[in-house]
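# Residue-level structural notes
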Amino acid sequence: MMIDIKDLCITFGSGHNQIHAVKNASLSVPEGESYGLVGESGSGKSTILRAMVGINAQITGSIIVDGQALESKRTVASRKHMQMVFQDPYGSLHPRKTVNDTLSEPLVIHKLGDRDDRIIRILNEVGLGPEFRFRYPHQLSGGQRQRVAIARALILEPRVILLDEPTSALDVSVQAEILNLLSALRKTHKLTYIMVSHDLAVVGHLCSKIAVMNRGEIIEEMTEEQMRSGKVKHDYTRQLWTASHGYSREALENFKEFA
Amino acid sequence: MSDTSIKQDSGLVAWLLADFPQNAFQARCQRAYIGWLSFKTNPIAMLGLIIVAFLCLVALFAPWIAGGDGNTQELSNRLQPPSMEHWFGTDELGRDVFARIVWGSRVTLYIIFLVSIIVMPIGLIVGTASGLLGGVFDKILMRITDIFLAFPRLILALAFVAVLGPGLENAVLAIALTTWSPYARLARAETLTLRSSEYIMAAEIMGASRIRILFAHIMPMCLSSTIVRLTLDMAGIILTAAGLGFLGLGAQPPLAEWGAMIATGRDFLLDQWWVPTIPGIAILIVSLGFNLLGDGLRDVLDPRNSGGH
Amino acid sequence: MNDIARPDFAPASPNEAPLVSVKDLHVRFSTPKGPVHAVRGVSFDLGRERLGIVGESGSGKSQTGRALLRLTAGNGTIEANNMTFDGMDLMQASEKTMQSIRGSRISMIMQDPKYSLNPVMTVGAQIAESCRRHEAISKKDAKQRSLAMLETVRIREPEKVYNLYPHQVSGGMGQRIMIAMMLITNPQVMIADEPTSALDVTVQMQVLALLDDMVRERGMGLVLISHDLHLVSSFCDRVLVMYGGRIMETLDAKRLDQAQHPYTKGLLNCLPRLDGSHDDLPVLKRDPAWLTEGEAIGERSL
């Protein structure tokens, strides 16, 4: 298994006001596969991703990536293997840095040479020509910015890429391009993905296995067949599946409150 | 506009407006140029820029504009009204007021320069470090900031003068040490907002050290507001230096500092108005210039405007 | 200001005049970078139905909604051959008349209740204020009506929610409060600009059901502006597809699969489906000819 998470619990705050954002989450992802995490807001899906990159400190349970258990204090070298792509293409790039600056920074931090070559190569891979190299983020469209974000994640040649709603803020036509790009990159570089989204169709398209989360717990894991047929075990999953097919008054009558 | 001038312009302008910059230098020049175009559309800001530029030019070319050093006394010629020979008249020691104004511009620029290079780095570093690192470090730094904020400028200047002796540099130091605190607070407030940005998170995930995040990511974002704030404060700084000079704590005679000129000339306000008034007008114009420039810069440099959607 | 008598609400009949009629609407903005032509000759009618306007960012859909209420930003100009609401010419109406229409006869709800609700007033007070702005009723009556409205939008414990501040309510509830605020004056037309985009998918359904009820029970006309073609087609009666400021196609929502325009078809095709296929999604190829099209397909066939 490339990624193995067991009994992960993530809390915020302490004492009386402690919030249990994630409760006993366990999942495993084989190498080269794409795993989806789906849920509504507050379900804890993004919190798991952030814990994987070491952003939230209060965790119990184990996270093992590529055979290495992840501690709360990360070394610089360990950062190379796992990178993240964020939701908001407008917020995830530094507004004062050109594309070149943004892409060369990880190379400088990890002391990798041949910077020019690597940057030009990666820009090509994500579908941006070298002419975009010296533009600032505000001179790029949403889709182009997201490509730069993907390039930044990819330039360190990681094994795992975490995708936090990478296409939610994009137009539908641009979303299709980015999803195709992510799919192609995974196959070419044998990457392992964990993708978080609230959109079941997007996750279903890219991922082979999907975990459904509600209020911090993983309720159910769906296979591709279950995605297609909707034959799922848990009521909440069924509700989510039905709602993803569009507005339906009859279906709504059967909805329950799970919040 | 003739055709040839359009063609001549198009080379540089085309380079500055090209869609796809070829290198980092071009990208940065383009950014500055677009900022300049935006700045140009604001006539009031342009006025401020012209005034400040004028000040710099006068200071630079002082020896050629005024000749001498502004300290040539001619006691037989004292307190003469403005005339063809002495454009701004003469003061109580027979010195040419115009020459002293011109030489005084160098002193004004010196004050501005000294204050800026002390206040900006200290304010920025203290503020951003405090905001980024948080915890005990933040608390300690902010308390130090509060202490300096609480100091009345005049008392501190007096203390410095008592210890180090009177002089322009000591007065400037006193001003700088009581001015940096608000900049630290400003930088800290901005850092607190920026700290949770996704690009900072991305840098952390990449393995960037805190120092790198502080200097390469956060500081560039705080720089603009600090520059704007400093420009707007400049008027106050000049006036404070003038005030200290007025009290005899700053520039010492015979240095041609505008504030000191008002101080020594105030006895003559009623009958020989030009002696204290003209330096006063000079201070007014320069302060105004900096204020207008600062306003214009804020419109251009505000990160919210320049593409941070 | 409600000196114009409002018609009784009865189910729409096919021969009824449309509530809103727009012909050849243009919205232009003057920006430092040059003029921007956001809406280029849009025409449509709205009856007592659910009309969806779908488009990607920059298609002009939001600007169309705003133009109906003449809420375009300061540097914009609205031009139309005809823009009538219930017999009134909206292009010629004075600002005073427009103010009396906005919020009382034509209402608008927007995407994020976080940004549309006043953060320093309780939500109940805001609903009551909306009520009192358009009718001369006492504070007590306004409060009663507001509480009744909160119940209508299916908020449990309306008394409790009345005294909450916007930051204390969830996204879904905030949107319901917005709807309450906009419906309390019994408008004839409601414009909803991406009302559910910031909400979870099950909450989206609930909010849409609410709007659905309002349309049915009150005979309201609803314009639903969204980028979500799937959602709009499953909820609305008719759909307008916009691109580059123009309407590319007008469709019956149930007949979306029979779309003719390549843009509509391309948009439908590039949506990922819940059928588990992992093939590459067909990418939308934008034909520059679409930006200069004359008549839109679909209007001819209606």
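In this text, all values refer to a predicted model and were calculated from it rather than measured experimentally.

Definitions and cut-offs
- Residues numbered from 1 in each chain as written.
- Chains lettered and ligands numbered in written order.
- Predicted model: local features only at pLDDT ≥ 70, side-chain atom pairs only at ≥ 80, totals over all residues.
- Heavy atoms only, no water.
- Helix = DSSP H or I, 4+ residues; strand = E, 2+ residues; numbered from the N terminus.
- Buried < 20%, exposed > 50% of the residue type's maximum accessible area, 1.4 Å probe, protein only.
- Contact = heavy atoms within 4.5 Å.
- Areas by Shrake-Rupley, 256 points an atom, 1.4 Å probe, with all protein chains shown as cover.
- Lys, Arg positive; Asp, Glu negative; His and termini not counted.
- Charge placed at Lys NZ, Arg CZ, Asp CG, Glu CD.
- Rg over C-alpha atoms; globule rule 2.2 N^0.38 Å.
- Buried area = accessible area lost by both parts, 1.4 Å probe.
- Salt bridge = Lys/Arg side-chain N within 4 Å of Asp/Glu carboxyl O.
- Pairing = 2+ DSSP bridges.
- Axes fitted to C-alpha atoms, helices over the stretch in contact; angles between N-to-C directions.

## Observations regarding the overall build of chain B
Helix and strand counts for chain B stand at 12 helices and 0 strands. For chain B, the spread of C-alpha atoms along the principal axes amounts to about 75 × 65 × 25 Å. Taken over 309 residues, chain B has a buried fraction of 48%. Relative to all contacts within chain B whose residues are 6 or more apart in sequence, the contacts with residues 24 or more apart total 69%. Surface exposure of chain B reaches about 15200 Å², of which carbon and sulfur atoms provide 69%. When the 20 positive and 22 negative side-chain charges of chain B are each reduced to one mean point, those points stand 11 Å apart.

## Here's the deal with the overall build of chain A
Across its full length, chain A holds 9 helices and 10 strands. Relative to the 2.2 N^0.38 estimate, which gives 18 Å for 259 residues, the radius of gyration of chain A is 19 Å and therefore close to what a compact globule would have. Summarising the internal contacts of chain A: among those between residues at least 6 apart in sequence, 66% fall at separations of at least 24. Put simply, chain A shows about 10300 Å² of open surface, and 47% of that area lies on carbon and sulfur atoms. For chain A, the distance from the average position of its 31 positive side-chain charges to the average position of its 30 negative side-chain charges is 4 Å.

## Quick look at the interface of chain B and chain A
Taken together, the 30 residues of chain B in the interface contact 36 residues of chain A. Together chain B and chain A conceal approximately 3000 Å² of surface at their shared face, both sides included; 58% is due to carbon and sulfur atoms. The largest per-residue losses of area from chain B upon contact with chain A belong to Glu-198, Ile-205 and Met-206 of chain B, which jointly make up 26% of the total buried on that side. At the surface where chain B touches chain A, the tally comes to 2 salt bridges. Across the salt bridge formed by Arg-212 of chain B and Glu-105 of chain A, the nearest N and O atoms sit 3.3 Å from each other.

## Some thoughts on the environment of Ala-169 of chain A
Residues and elements named next belong to chain A. Take Ala-169: it is sitting in the loop between strand 7 (160-164) and helix 5 (172-189). Residue Ala-169 is classed as partly exposed on the basis of its relative accessible area of 41%. Residues Ala-169 and Gly-142, spaced 27 residues apart in sequence, show a C-alpha to C-alpha distance of 8.1 Å. Leave out the neighbours within four places in its chain, and Ala-169 touches Gln-87 and Pro-89.

## Looking at the sheet that holds strand 9 (residues 221-226) of chain C
Residue and element names in this part refer to chain C. Strand order in the open sheet made by the 6 strands is 7-8-9-3-10-11, with mixed pairing throughout. The outermost strands of the open sheet, each flanked by one partner alone, are strand 7 (106-109) and strand 11 (246-252). The sheet shows a mean angle of 15° between the axes of neighbouring strands, taken without regard to direction. Pairing analysis gives 5 bridges linking strand 3 (residues 50-55) to strand 9, with the strands arranged parallel. Bridge pairing in strand 9 links Leu-51 to Val-223.

## A few points about the environment of Ala-159 of chain B
Residue and element names in this part refer to chain B. Within the fold, Ala-159 resides in helix 7 (residues 153-164). The class of Ala-159 is partly exposed, set by a relative accessible area of 37%. When the C-alpha atoms of Ala-159 and Ala-174 are compared, they prove to be 8.9 Å apart, with 15 residues separating the residues in sequence.

## So, the environment of Ile-218 of chain A
Residue and element names in this part refer to chain A. Note on placement: Ile-218 falls in strand 10 (residues 217-223). Remark: the alpha-carbon pair of Ile-218 and Leu-154, spanning 64 residues in sequence, is separated by 29 Å. Every residue in contact with Ile-218, bar those within four places of it in the chain, is listed here: Ala-25, Ser-26, Leu-27, Ala-211, Val-212 and Met-213.

## Observations regarding the pattern of salt bridges
Residues and elements named next belong to chain A. In the structure shown here, the tally under the stated rule is 36 salt bridges over all chains. Taking the shortest distance from any N to any O, the salt bridge between Arg-228 and Glu-225 comes out at 3.1 Å. A residue pair is termed a helical-turn pair when its members lie 3 or 4 positions apart in one helix, as Arg-228 and Glu-225 do in helix 7 (residues 224-229) at 3 residues. On the accessibility criterion, Glu-225 (46% relative accessible area) is partly exposed.

## Concerning the sheet that holds strand 1 (residues 3-12) of chain A
Residues and elements named next belong to chain A. Taken in spatial order, the 4 strands of this open sheet run 2-1-4-5, and their pairing is antiparallel. A strand with exactly one partner marks an edge of an open sheet, and here the two such strands are strand 2 (19-29) and strand 5 (68-69). Helix-sheet contacts for helix 1 (residues 45-52) involve strand 1, strand 2 and strand 4 (59-65), and the interaxial angle to strand 1 is about 110°.

## As for the interface of chain C and chain A
Contacts between the two partners involve 34 residues from chain C and, on the opposite side, 35 residues from chain A. If you sort the residues of chain C by the area they bury against chain A, Met-205, Leu-274 and His-278 of chain C come out on top, with a joint share of 25%. Here chain C is connected to chain A by 2 salt bridges. A salt bridge links Asp-213 of chain C to Arg-249 of chain A, with the shortest nitrogen-to-oxygen separation between them at 3.0 Å.

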